[in-house]
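Below, each chain spelled out in residue letters.
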Amino acid sequence: MPSERKITARVKKLRVELEKEFASVKRHMILCEEEQHAFAEIAGKAYAASRGKPEISRCADFLMSFAESNPIRIREDELIMGSQRFTHPDRSRYLSKELIDAGFHSNLGHIIVDYGRMLRQGIPGVRKELEKMPGGRNREAFGRTLDAFSIYIRRHADACRKSGLEDVSAVCANIADRKPKTFHEALQMVWFIQIFLHTEGNASAVSFGRFDQYMWPFLKSDLARKRINEAEAFELLCCFFMKCCEGDESQNLVVGGSDIKGKSMENPLSLLVLQASRILKVWQPSISVRIGKSTSEKFWEESLLLSAAGTGMPSFFNENVVTAGLGKLGIPVERAVDWGIVGCYEAAPQGDSYPLTVAGSFALPSILGDLLKTEDCGKNDFESFYSKFKSFSRSRYEKEILPSFVERWNELERNCPSPFESLCVTGCIEAGLAAEEGGARFNLFGVNILGLGTLVDSLLSIKKLIFEDRKFTMAEMRRQLERDFPDRQMLLQCRSLEGKFGSDNAETNMMAKELSGFFADLVISRPFPDGVRPYPGFFWFGADIGVRLPASADGRKANDRLSYGCGPGIFLKNPTATSILNSAANLAHSSCACGNPLTISLNRRDMEGKDEMLRLRQIIRTYFARGGFHMQFNIIGAEELRRAKQEPGKYQGLTIRISGYSARFVTLDPSWQDALIERTEKGM
C-alpha cells in the first residue's frame, strides 16, 4: 500500500462535524447529554426492578433493557453504526434518589477482551460455547447478555434500513446472526463490542489490543477477492477512528511487533493504522507501537511520521522488555509475547487476562514521610537509615497496603461481576466464572507506584544535608516537614542540591535502580491468597497532580506536584533529554509490566527534517537497548502551550500527550495545563 492517503469527501465531512461537536462540548471525549440521560434512566429503572437478585443477574437484566430500549440514532454518512456518547452520566442530575439508591453496576474497565475470538466465532459460535458451560446463574446471565447483544445489533440493522442505508443495514444484520466475513463487518462488530463493554462497565480504558493482528485476515481476504479496494479500506478505518473519539479517553490500540520466534508480525494494516492516525489527527484511539529487532524500515518511518504530526502518538514500547516483565508473573512465554497495552502503558496478554491495571496504588514519598515521623529511623549514618527505610517499606506493604489490595479484589468479585466482559474474555466460559470471580486464564492486579524521582531526591537531601554535610539534624528536618518548610533557607538548600535524579548522576542513578528493583520485587513476590498476581508500574495516573501529600525532603511543599513515571522530580535544574534518558534507563523496567512511562518534549523544529527524524529513532533505539520500557513524545514548546491557555479559541486543534493518552489541550483543567507547561519546559 502507498505511504500517503487522501481522505474522502465523506471522511472530510464527518471530520468537520466532529470538530464542531468538540468545540461545543469542551471535553476531551465526545459525549451527549440526551444520550447520557436516557442511559442513566434505563440503568436506574432496571436496577430498581432487580433488587434482591444476584448482582450478575441484575447486570444482565440491565443490558437487556438497554438493548431493547436505548434510543438509536443514525447519523448521516457514518459507515460504523452505534453511539458511545452515553458514558459517564451524572446520575444525581438525571435520576431520583430512589433510583440512585437502587445501585448501579460499574467495573474498572482497563481491559483487552478477546476481540479475535469474538470475530472468529461470532454470536452463534459463542452461543455454542455456552452450551458446554455448567448450568446456574452465571450461565443464565451470560446467555441473556448474549441475547441482548444480538438484539442491540439487530435494532441498528432495522434503523439503518428505515433510513435508507441498505448496505450498512446488511452489515449489521449479518453480524447479528453469523460471524463476520468482511473487513466492514469485523470493524462494526468490534465497535458494537466496545459499546456494550462501556454500557456494562461505565468505565474507561477499554482497549483494542493488537488490532492489526485480528483485523488483517478480514482485510486481506477482502482485497484478494476484490470486495474492497485500498481507498475504501482506508475510509472505513477513518470512520472507525472518529467513532473512537466518543465516550472514552484512553482506548489503546497496538500495532506491529513479532511472534515468539522473533518473526515480524507487521502487515499492511499496521501501516494503514499509523497513516490514518497521522492524517486524521484525532485524539482516539491511542496508538501504540511495538518495537524490536524485527521492526521494519517502513514501520519505523510511519511511526516517526506520526510522532512528527504532533498528536503525542504513538507510544513506543520495547517488546522484549515488556514480554520479560509479563514472564516474571509466571505467564508462559507463548502468551506473554502476545501482549497489548491497556489504557495508558499497562501491558497484559490480550484476550485471556483480567489485569485490573489501575486497581491498586501507593505513593513512595508518603512512606518516607511516615518513617521520618518516627524517632527510630536510623540516626547514626545514611546506610542504617536507608536500611531502615526499606524494612519500614516492606512492613508497610505487607501489613497495610497488600491487605487493602486483596480486599479491593474481593470487593470487585462481590459487587461487579460483568457478564458481557466475561463472555469476551477467554477462560471465563470454560471456568463457569465471571472475570471478577477469577474466570480469566491470567488474573492480575495492577499496582501503580508514584513518586520514585521525588523519593530519590528526598533521600539525596537526607544523605547530603543531614548525614554528610551536617547542615541540620533529623529532628530539624522532621519539624520543617511537619510545618511545611517555614525556614526558607533550609527549603532552598533541599531544592538546590546537585545530582538530583534525571541529571545522570551516578549516585542517584544507582539509588533509583536499587529502589525500583526493591519495590518491584516486593510487589511481584507476594501474590494474593487465591493466586492473583499483583504487578507493578512506576506511575499513578494523574496522582502527581491530584494527590495531596505533605512536604517532602527534596524541598517539595505540601500539595506540590510529584515526579511522574520514570521522570525526574520537579526541582531538577537544566535537564537535557540525554540526562533524563540516562537516568531513567537504570530503573527495573523488566520487572514492571504494568507500565514504566517516560515522556520527552521536543520543539517542532526538532522534527522538521530527515536528519531530525533519524535522531529521534536513535534516541528510542538507544534507550531501548539499555532496557527502557516505553517512550512517547510531545512535539511542542512551552510558549505555545502558554498561548493556548491564554487564548483557547485559537488553539482548538492543539493535541498533546497528557499521560498515556492524547487530548485537546484547551479542554484540560488549568492545573493539568500548568503541569504540562512545566514538564514541557524541562523537556519532559
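Placed above this text is the structure.
Residues numbered from 1 in each chain as written. Predicted model: local features only at pLDDT ≥ 70, side-chain atom pairs only at ≥ 80, totals over all residues. Heavy atoms only, no water.

Quick question: what am I supposed to make of the overall build of the protein here?
Secondary structure summary: the protein contains 28 helices and 14 strands in total. In terms of C-alpha radius of gyration, the protein reaches 25 Å, essentially the compact-globule figure of 26 Å for 684 residues. Dimensions of the protein, computed from the C-alpha atoms along their principal axes, are close to 80 × 60 × 50 Å. Out of the 684 residues belonging to the protein, those deemed buried represent 64%. Pairs at least 24 residues apart make up 77% of the contacts formed inside the protein by residues separated by at least 6 positions. Of the accessible surface of the protein, which amounts to about 24700 Å², a share of 48% is contributed by carbon and sulfur atoms. The averaged location of the 87 negative side-chain charges in the protein is 1 Å from the averaged location of its 92 positive side-chain charges. (Helix = DSSP H or I, 4+ residues; strand = E, 2+ residues; numbered from the N terminus. Rg over C-alpha atoms; globule rule 2.2 N^0.38 Å. Buried < 20%, exposed > 50% of the residue type's maximum accessible area, 1.4 Å probe, protein only. Contact = heavy atoms within 4.5 Å. Areas by Shrake-Rupley, 256 points an atom, 1.4 Å probe, with all protein chains shown as cover. Lys, Arg positive; Asp, Glu negative; His and termini not counted. Charge placed at Lys NZ, Arg CZ, Asp CG, Glu CD.)

Could you clarify how one ought to interpret the nonpolar core in this entry?
Burial of nonpolar side chains together is a common tendency in soluble globular proteins. F385 and F519 are the most contacted members of the largest nonpolar core, which has 232 residues in total. The next biggest cluster of nonpolar side chains, apart from the first, holds six residues, and it includes A543, V547, L549 and L562. (Core = buried A, V, L, I, M, F, W, Y, C linked by side-chain atoms within 4.5 Å.)

I keep staring at the packing of helix α6 (residues 115-131) against helix α7 (residues 137-162) and nothing clicks. Help me out?
In a pair of packed helices, the angle between the axes and the distance between the axes together describe the arrangement. Put simply, α6 and α7 touch, their axes get as near as 10 Å, and they point 170 degrees apart. What the angle tells us is that α6 and α7 run roughly antiparallel. Across the interface between the two elements, I123, V126, R127, L130 and E131 from α6 touch R139, F142, G143, L146, D147, F149, S150 and I153 from α7. Grouping the constituent residues of the contact of α6 with α7 by class yields seven nonpolar, two polar and four charged. (Axes fitted to C-alpha atoms, helices over the stretch in contact; angles between N-to-C directions. Parallel < 35°, antiparallel > 145°, perpendicular 65-115°, else oblique. Nonpolar A, V, L, I, M, F, W, Y, C, P; charged D, E, K, R; others polar.)

Which parts of the structure should I look at to understand the pattern of salt bridges?
Side chains carrying opposite charge are able to pair once their charged atoms draw close together. Inspection of the entire model under this criterion finds 48 salt bridges. The residue E34 makes a salt bridge to R73 at a minimum N-O spacing of 2.5 Å. Taken as a pair, E34 in helix α2 (residues 33-49) and R73 in the loop between α3 (55-69) and α4 (91-94) lie far apart in primary sequence, 39 residues in all. On the basis of relative accessibility, which here comes to 52%, the residue E34 falls in the exposed class. Judged by its relative accessible area of 31%, R73 falls in the partly exposed class. Among the ionic pairs, E398 bridges to R526, the shortest N-O distance being 2.8 Å. On the criterion of sequence distance, the pair formed by E398 in helix α17 (residues 382-415) and R526 in the loop between α23 (506-524) and β10 (533-537) is long-range, its members being 128 residues apart. (Salt bridge = Lys/Arg side-chain N within 4 Å of Asp/Glu carboxyl O.)

I keep staring at the sheet that holds strand β2 (residues 252-256) and nothing clicks. Help me out?
For sheets, the rule is that strands pair by backbone hydrogen bonds, running either parallel or antiparallel. Judged by pairing direction, the sheet is mixed, and its six strands sit side by side in the order β1-β2-β3-β4-β12-β11 without closing on themselves. Each end of this open sheet is capped by a strand with a single partner; those strands are β1 (209-210) and β11 (599-602). Here four bridges tie strand β3 (residues 286-291) to strand β4 (residues 315-318), and the two strands are oriented parallel to one another. In the sheet register, R290 faces β4, and the bridge partner there is F317. Sheet contacts for helix α13 (residues 297-308): β2, β3, β4 and β12 (630-635); angle to β3, the most-contacted strand, approximately 145 degrees. (Pairing = 2+ DSSP bridges.)

How should I be thinking about the packing of helix α10 (residues 211-224) against helix α12 (residues 268-280) in this particular structure?
Contact geometry of α10 with α12 gives a least axis separation of 8 Å together with a crossing angle of 110 degrees. Comparing their axes, α12 and α10 come out roughly perpendicular. Between α10 and α12 the crossing geometry is right-handed. Seen from α10, the contacting residues are F211, D212, M215, W216 and L219; seen from α12, they are P268, L269, S270, L272 and V273. (Left-handed = near helix turned anticlockwise from the far one by under 90°.)

How do you make sense of the environment of E678 when you look at a structure like this?
With respect to the helices, strands and loops of the structure, E678 is situated in helix α28 (residues 670-681). With a relative accessible area of 25%, E678 lands in the partly exposed category. Considering only alpha carbons, one finds E678 and S106, 572 residues apart in sequence, at a separation of 35 Å. Setting aside residues up to four positions removed in sequence, E678 forms contacts with R561 and I570.

Would you explain the pairing of β10 in this entry?
Successive residues of a regular strand alternate their side chains across the two faces of the sheet. Among the five residues in β10, four count as buried, and that is most of the element. Where strand β9 (residues 442-450) meets β10, five bridges bridge the pair, whose relative direction is parallel. By the bridge assignment, V447 is partnered in β10 with P536.

In this structure, what is going on with unusual backbone geometry? I would like to understand it.
Glycine aside, residues mostly have negative phi, and peptide bonds are mostly found in the trans state. The omega torsion across Q284 and P285 is -5 degrees, close enough to zero to call that bond cis. Position of P285 among the secondary structure elements: in the loop between α12 and β3. In this structure, P314 follows M313 across a cis peptide bond, with omega equal to 0 degrees. Here P314 is to be found in the loop between α13 and β4. One non-glycine residue with positive phi stands out, namely H110, at about 50 degrees. Take H110: it is sitting in the loop between α5 (97-101) and α6.

Got a minute to help me understand the side chain of N448 in this structure?
Mapping N448 onto the fold places it in strand β9. The class for N448 is buried, based on a relative accessible area of 2%. Here T357 takes part through its backbone oxygen, which lies 3.1 Å from a polar atom of the side chain of N448. (Polar contact = N/O pair within 3.5 Å; in protein donor to acceptor, adjacent residues only side chain to side chain.)

Teacher, can you tell me more about α2 here?
One turn of an α-helix holds 3.6 residues; hence residues three or four places apart share an orientation. Compared with an ideal rise of 1.5 Å per residue, which puts 17 residues at 24 Å, α2 spans 24 Å between its outermost C-alpha atoms and is within 8% of the ideal. Taken together, the buried positions of α2 are occupied by E35, Q36, A38, F39, A40, I42, A43, G44, A46, Y47 and A48. In this fold, the buried residues of α2 make contact with α3, α4, α5 and α9 (183-201). (Expected span 1.5 Å × (residues − 1).)

In this structure, what is going on with the packing of aromatic side chains? I would like to understand it.
The relation between two aromatic rings is expressed through the spacing of the ring centres and the mutual angle of the planes. With the rule as written, the count across this model stands at 38 aromatic pairs. Ring centres 6.0 Å apart and planes at 45 degrees place the aromatic pair F385 and F467 in the tilted group. On the criterion of sequence distance, the pair formed by F385 in helix α17 and F467 in helix α20 (residues 452-468) is long-range, its members being 82 residues apart. Considered together, F385 and F467 belong to a single accessibility category, that of buried residues. Within the aromatic cluster, the residues linked to one another by ring pairs are F39, Y47, F62, F66, F86, F149, Y152, F192, F196 and F420. (Phe/Tyr/Trp six-rings, centres within 6.5 Å; stacked < 30°, edge-to-face > 60°.)

So what exactly am I meant to see when it comes to the environment of G627 here?
With respect to the helices and strands, the residue G627 is situated in the loop between α26 (610-625) and β12. G627 sits 322 residues away from L305 along the chain, and the two C-alpha atoms are 24 Å apart. Beyond its immediate sequence surroundings of up to four residues, G627 is in contact with N318, V321 and H589.

Honestly, the side chain of R478 in this entry has me stumped. Any pointers?
Mapped onto the secondary structure, R478 falls in helix α21 (residues 474-482). The class for R478 is buried, based on a relative accessible area of 12%. Separated by 3.0 Å, the side chain of R478 and the backbone oxygen of T374 make a polar contact.

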